[in-house]
Amino acid sequence: MLNPLPNSRHYRFARRELLPLGAQGLWRLETGYARTITWDEEGLLVTLGFWRAGDVVGQALSGVNPYQIECLTPVEASLLSCKPLNPPELLALDVHNSHIQQAQELLRIVHARRIDTRLLNLLQWLALRFGHRITQGWLIDLRLTHQDLADVIGATRVTVTRLLNQLEQQGRIGWSSQRQIWVNGVEHLAILKGVEVASPHVLPHNQGTD
């Protein structure tokens, strides 16, 4: 059952809660982070995309079945439509390109031959999409568990934990005091993708592990 916030069309959801799909309605995220997922015939979870405030998500934009929208943090979202939309209406929302681009990026990541390359590429992509520049590198604002990362790259949680420890020992990643990951070597990717590189924020040197 949806619980609208007072005097608005916004709805509030808890971390790991699923946004109702209704009759293929679309949701716009107002705050927080979410991911869209499906699963194969063997029940293996497949991550379709990660989304932040301002993004529009819904099964009508994906065409994948089964399909779920899972909150990775507490989320506030607006229900844009309770009915199926036809292609012209979808195009008018100007969100197809975002979904296609993200699908292509994730396909590129998961098709890397080496699992450690998949993980590093994923962290760099997350840093550009959900992060900001700090003195040590790029801090990923989106907090994901080791299992979340494993689901994306087709690995086990144990393997991801081992690879994260290796990357940390190599100085390619680190941890903030709030247990968020920062990543090195992202500046050249930001330039290639046309991402504005702002002045870095200073991050305390407290280190941690997830």
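Everything below is about the structure shown above.
Below is a summary of the structure that appears in this document. (Residues numbered from 1 in each chain as written. Predicted model: local features only at pLDDT ≥ 70, side-chain atom pairs only at ≥ 80, totals over all residues. Heavy atoms only, no water.)

### Describing the side chain of Gln180
- Position of Gln180 relative to the elements: it lies in the loop between β10 (173-175) and β11 (181-183).
- Note on Gln180: relative accessible area 14%, which makes it buried.
- The residues touching Gln180, leaving out its near neighbours within four places in the chain, are Leu139, Ile140, Asp141, Arg143, Gly174 and Trp175. (Helix = DSSP H or I, 4+ residues; strand = E, 2+ residues; numbered from the N terminus. Buried < 20%, exposed > 50% of the residue type's maximum accessible area, 1.4 Å probe, protein only. Contact = heavy atoms within 4.5 Å.)

### Considering the pairing of strand β3 (residues 34-39)
- Buried residues dominate β3, accounting for 5 of its 6 residues.
- One ladder, built from 6 bridges, connects β3 with strand β4 (residues 45-51); its direction is antiparallel. Among the inter-strand pairings, Ile37 is bridged to a residue of β4, identified as Thr47.
- Bridge analysis of β3 against strand β6 (residues 68-71) gives 4 bridges, and the strand direction is antiparallel. Considered in β6, the bridge of Arg35 is made with Glu70. (Pairing = 2+ DSSP bridges.)

### Comments concerning the sheet that holds β3
- Strand order in the open sheet made by the 3 strands is β4-β3-β6, with antiparallel pairing throughout. Each edge of the sheet is formed by a strand with only one pairing partner; in this case those strands are β4 and β6. Mean inter-strand twist for the sheet, computed between neighbouring axes without regard to direction, equals 30°.
- Strand contacts of helix α5 (residues 146-153): β3 and β4, with the helix running at about 110° to β4, the strand carrying the most contacts. (Axes fitted to C-alpha atoms, helices over the stretch in contact; angles between N-to-C directions.)

### A short note on the sheet that holds strand β8 (residues 131-133)
- Judged by pairing direction, the sheet is antiparallel, and its 4 strands sit side by side in the order β8-β9-β11-β10 without closing on themselves. Edge positions in the open sheet fall to β8 and β10, since each of these has one partner strand only. Going across the sheet, the axis of each strand differs from the next one's by a mean of 30°, ignoring polarity.

### As for the pattern of salt bridges
- Summed over all chains, the structure comprises 10 salt bridges.
- Across the pair Arg114 and Asp116 runs a salt bridge, and its minimum N-O distance is 2.7 Å.
- Relative accessible area serves as the criterion here: at 53%, Arg114 is assigned to the exposed category.
- Three or more residues are tied together by salt bridges with common partners; here these are Arg16, Arg35, Glu70, Asp148 and Asp151. (Salt bridge = Lys/Arg side-chain N within 4 Å of Asp/Glu carboxyl O.)

### Comments concerning the packing of aromatic side chains
- Scanning the model with the defined rule gives 6 aromatic pairs in all.
- Considering the side-chain rings of Phe13 and Trp27, the 5.5 Å spacing of their centres and the 90° angle between planes classify their relative orientation as edge-to-face. Here Phe13 is found in strand β1 (residues 10-13), whereas its partner Trp27 is found in strand β2 (residues 27-31), with 14 residues between them in sequence.
- Centre to centre, the rings of Phe50 and Phe130 are 6.5 Å apart; their planes meet at 85°, and the pair counts as edge-to-face. Of this pair, Phe50 sits in strand β4 while Phe130 sits in helix α4 (residues 115-130), and the two are 80 residues apart along the sequence.
- Residue class for Phe130 comes out buried when judged on its relative accessible area of 3%.
- The cationic tip of Arg52 hangs over the ring face of Phe130; the distance from NZ or CZ to the ring centre is 5.9 Å. (Phe/Tyr/Trp six-rings, centres within 6.5 Å; stacked < 30°, edge-to-face > 60°. Lys NZ or Arg CZ within 6 Å of the ring centre and 35° of its normal.)

### Thoughts on helix α6 (residues 157-169)
- Given a rise of 1.5 Å per residue, 13 residues ought to cover 18 Å, and the 19 Å separating the end C-alpha atoms of α6 matches this to within 8%.
- Those residues of α6 that sit buried are Thr159, Val160, Leu163, Leu164 and Leu167. Buried residues of α6, seen end-on, are gathered within an arc of 135° and therefore sit on one face of the element. Exposed side chains of α6 directed beyond 90 degrees from the buried face belong to Val158 and Gln169. (Expected span 1.5 Å × (residues − 1). Arc of directions from axis to C-beta.)

### Overview of the packing of α5 against α6
- Between α5 and α6, whose axes approach to 8 Å, the crossing angle comes to 105°. Here α5 is positioned roughly perpendicular relative to α6, judged by the angle of their axes. On the side of α5, the interface is formed by His146, Gln147, Leu149, Ala150 and Ile153, while α6 contributes Arg157, Val160, Thr161 and Leu164.
- Residue composition of the contact of α5 with α6, grouped by class: 5 nonpolar, 3 polar and 1 charged. (Parallel < 35°, antiparallel > 145°, perpendicular 65-115°, else oblique. Nonpolar A, V, L, I, M, F, W, Y, C, P; charged D, E, K, R; others polar.)

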